[in-house]
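Architecture and fold: a report
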Amino acid sequence: MNQSSVCYYFFILGSHPAISVAEILAYFKTNKFDFSVLAAGYDYLIINTKNQIESNILDFIGGSIKFGKIEKIFQKFPSVEEIYNILPAADKIFFGLSLYPVKVKNKPIKNIFRIGLDLKKYLKEKNRTARLVTSKQENLSAVVVVKNKLLSDNGAEIVIINQQQNYFLGKTLDVQPFVELSKRDYGRPQRDDRSGMLPPKLAQIMLNLSQTDKYELILDPFCGSGTVLQEALWQKRTNLIGSDISDKAISDTRKNLTWLGQEYNLPVNNIKLVKTNVVNLPKFIKPNSVSAVVTEPDLGRADLKPSNQLAEEARLKNLYIQSYEVFYNLLKPKGLVVMIWPVFFNTKYLDIEKTVENIGYKKIIPLSKDLLNNYQLNKRNNLQYARSGQKVAREITIWQKV
Ligand SMILES: C[S@@+](CC[C@H](N)C(=O)[O-])C[C@H]1O[C@@H](n2cnc3c(N)ncnc32)[C@H](O)[C@@H]1O
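Residues numbered from 1 in each chain as written. Predicted model: local features only at pLDDT ≥ 70, side-chain atom pairs only at ≥ 80, totals over all residues. Heavy atoms only, no water.

1. Observations regarding the overall build of the protein
When its secondary structure is counted, the protein shows 10 helices and 17 strands. By the compact-globule yardstick of 21 Å for 402 residues, the protein fits well, its C-alpha radius of gyration being 23 Å. Surface exposure of the protein reaches about 19100 Å², of which carbon and sulfur atoms provide 48%. The centroid of the 56 positive side-chain charges in the protein is displaced by 2 Å from the centroid of its 38 negative side-chain charges. (Helix = DSSP H or I, 4+ residues; strand = E, 2+ residues; numbered from the N terminus. Rg over C-alpha atoms; globule rule 2.2 N^0.38 Å. Areas by Shrake-Rupley, 256 points an atom, 1.4 Å probe, with all protein chains shown as cover. Lys, Arg positive; Asp, Glu negative; His and termini not counted. Charge placed at Lys NZ, Arg CZ, Asp CG, Glu CD.)

2. A look at the site of the ligand
Around the ligand, 22 residues are found, and the nearest of them are Leu198, Ser225, Thr227, Asp244 and Val278. Measuring from a nitrogen atom of the ligand, one finds a side-chain N or O atom of Glu296 at 3.2 Å. Computed on the free molecule, the ligand has an accessible area of 600 Å², of which 90% lies beneath the protein chains in the complex. (Near = heavy atom within 4 Å. Polar contact = N/O pair within 3.5 Å; in protein donor to acceptor, adjacent residues only side chain to side chain.)

3. As for the environment of Glu54
With respect to the helices, strands and loops of the structure, Glu54 is situated in the loop between β3 (44-49) and β4 (64-74). The sequence separation of Glu54 and Thr212 amounts to 158 residues, and the corresponding C-alpha distance is 19 Å.

4. Some thoughts on the pairing of strand β8 (residues 166-175)
Extensive coverage of β8 is indicated by the burial of 8 of its 10 residues. For β4 and β8, the ladder comprises 8 bridges, and the chain directions are antiparallel. When the sheet's bridge partners are listed, Lys72 is paired in β8 with Leu169. Of the pairings in the sheet, the one linking strand β7 (residues 155-163) to β8 comprises 6 bridges and is antiparallel in character. Considered in β8, the bridge of Asn162 is made with Tyr167. Counting the residues that bridge the hairpin from β7 to β8 gives 2 residues, and of these Gln164 lies at a positive phi of roughly 50 degrees. (Buried < 20%, exposed > 50% of the residue type's maximum accessible area, 1.4 Å probe, protein only. Pairing = 2+ DSSP bridges.)

5. Focus on the packing of helix α7 (residues 227-234) against helix α8 (residues 247-264)
Between α7 and α8, whose axes approach to 9 Å, the crossing angle comes to 20 degrees. In terms of orientation, α7 lies roughly parallel with respect to α8. Considering only the axes of α7 and α8, their crossing is right-handed. Contacts between α7 and α8 involve Leu229, Gln230, Leu233 and Trp234 from the first element and Thr253, Asn256, Leu257, Leu260, Gly261 and Tyr264 from the second. In terms of residue class, the contact of α7 with α8 is built from 6 nonpolar, 4 polar and no charged. (Axes fitted to C-alpha atoms, helices over the stretch in contact; angles between N-to-C directions. Parallel < 35°, antiparallel > 145°, perpendicular 65-115°, else oblique. Left-handed = near helix turned anticlockwise from the far one by under 90°. Contact = heavy atoms within 4.5 Å. Nonpolar A, V, L, I, M, F, W, Y, C, P; charged D, E, K, R; others polar.)

6. Re the packing of helix α6 (residues 200-209) against α7
Between α6 and α7, the shortest axis-to-axis distance is 9 Å and the interhelical angle comes to 70 degrees. When the axes of α6 and α7 are compared, the pair comes out roughly perpendicular. Along this stretch, α6 crosses α7, giving a crossing that reads as right-handed. The residues of α7 that touch α6, namely those facing Pro200, Ala203, Gln204 and Leu207, are Thr227, Val228, Gln230, Glu231, Ala232 and Trp234. Residue composition of the contact of α6 with α7, by class: 6 nonpolar, 3 polar and 1 charged.

7. Side note on the side chain of Ser210
Looking at the secondary structure, you find Ser210 in the loop between α6 and β9 (218-220). Within the local environment of Ser210, its side chain forms a polar contact with the backbone oxygen of Leu207, the two atoms lying 2.6 Å apart. In this structure Ser210 touches Ile218, Ala292, Val294, Leu336 and Val338, once residues within four positions along its chain are discounted.

8. Section: the domain arrangement of the protein
The parts lose accessible area when they come together, and the size of an interface is often stated as this lost area. Domain assignment breaks the protein into domain 1 (7-176) and domain 2 (179-401). Its C-alpha centre places domain 1 at a distance of 33 Å from the equivalent point of domain 2. Taken residue by residue, the interface counts 24 residues in domain 1 and 23 residues in domain 2. For the pairing of domain 1 and domain 2, the buried interface totals around 1900 Å² over both sides, and the portion due to carbon and sulfur atoms is 66%. Its largest share of buried area at the contact with domain 2, domain 1 owes to His16, Ile19 and Phe60, together 29% of the area lost on that side. Here domain 1 and domain 2 share 0 salt bridges between them. In this structure, the connection of domain 1 to domain 2 is made through 11 residue pairs in polar contact (both at pLDDT 80 or more). (Domains from an automatic or database assignment. Buried area = accessible area lost by both parts, 1.4 Å probe. Salt bridge = Lys/Arg side-chain N within 4 Å of Asp/Glu carboxyl O.)

Given below as structure tokens:
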């Protein structure tokens, strides 16, 4: 491969691979990267590009676990010598290996532990000292990679990705910033477990799916504790409005944003916060000014008696439809609404798609047809985020004003 111009990069995808891939593609599109997808598998995506990708990209995209550079492509499993050639040159090194996909037809492709031992032996023969980092799981987690200093100058996590006859040999450049993500989730001053909060990484994903640059105006009209605004600030976005019907939500959001601004020296003064019912937003925001609405509204309850459950769904439908009507006038032409809708018991969708279309929106399907062989959308072609045991899953819907 011509390394002087085109570079090959890999992403190891998170727990919801379709969401991770949709986010990566949206991020590249927004940032006007000239790229193409070289290989797509359940837990990885390999792309090539002439653009330089910053090694801290995982600070700003929420859905991927590892990011790295492909050094060489082979037609058979790389030899110990080939792997040796990409290790750091220092006398004393730490290294570990991960192999993707973890299993093919229920069997690992190779015994990665064995390869690690062979490599260690090879290093010893070359009079070099090396510590092999292993883990109980098949592959090294982000935590193991960081705690064992594999991202330092003397360290390396070697990643081998197999797709059909190709073996991509690469090195991890960065992993999901789990400490920072956890701090922005559990370490912020205000949390509201009763109304619910987005995980920060999902807020980042939604912001990236909105395909807006950092200067465009983003609105979260159900801002709750402010997770979307907080992550937007973290992504260095400068043009933000948050609103909510509740005093407590506005006060929590303000406290969380102030905290984030102080912790990381980010400018919060320009963020506008308004206490209002979503239906009254036109009093506060100019028509045709918003580039994207990014929001998780009230998702309702899933623990009611069947008759009350129906009433609950009717209430939500009404709230959502009213919201889309309001957003229509506030949005710029072609503006997007990236909004979570509830999926009760993981299967029961909110039946409002036709109505939203009739208001004047076009539905955006987040993955192209060729990728749908590898990554699954839900039954109505949307992304879906669910954690085990949850009664209400989150459907990530994307609509464009036409
Ligand atoms: C699930 S919470 C949002 C949580 C938020 N995504 C976060 O991560 O912190 C839903 C929010 O919608 C607000 N809300 C409900 N009905 C509303 C309405 N009609 N207008 C504006 N806000 C409303 C609630 O006060 C609540 O704060």
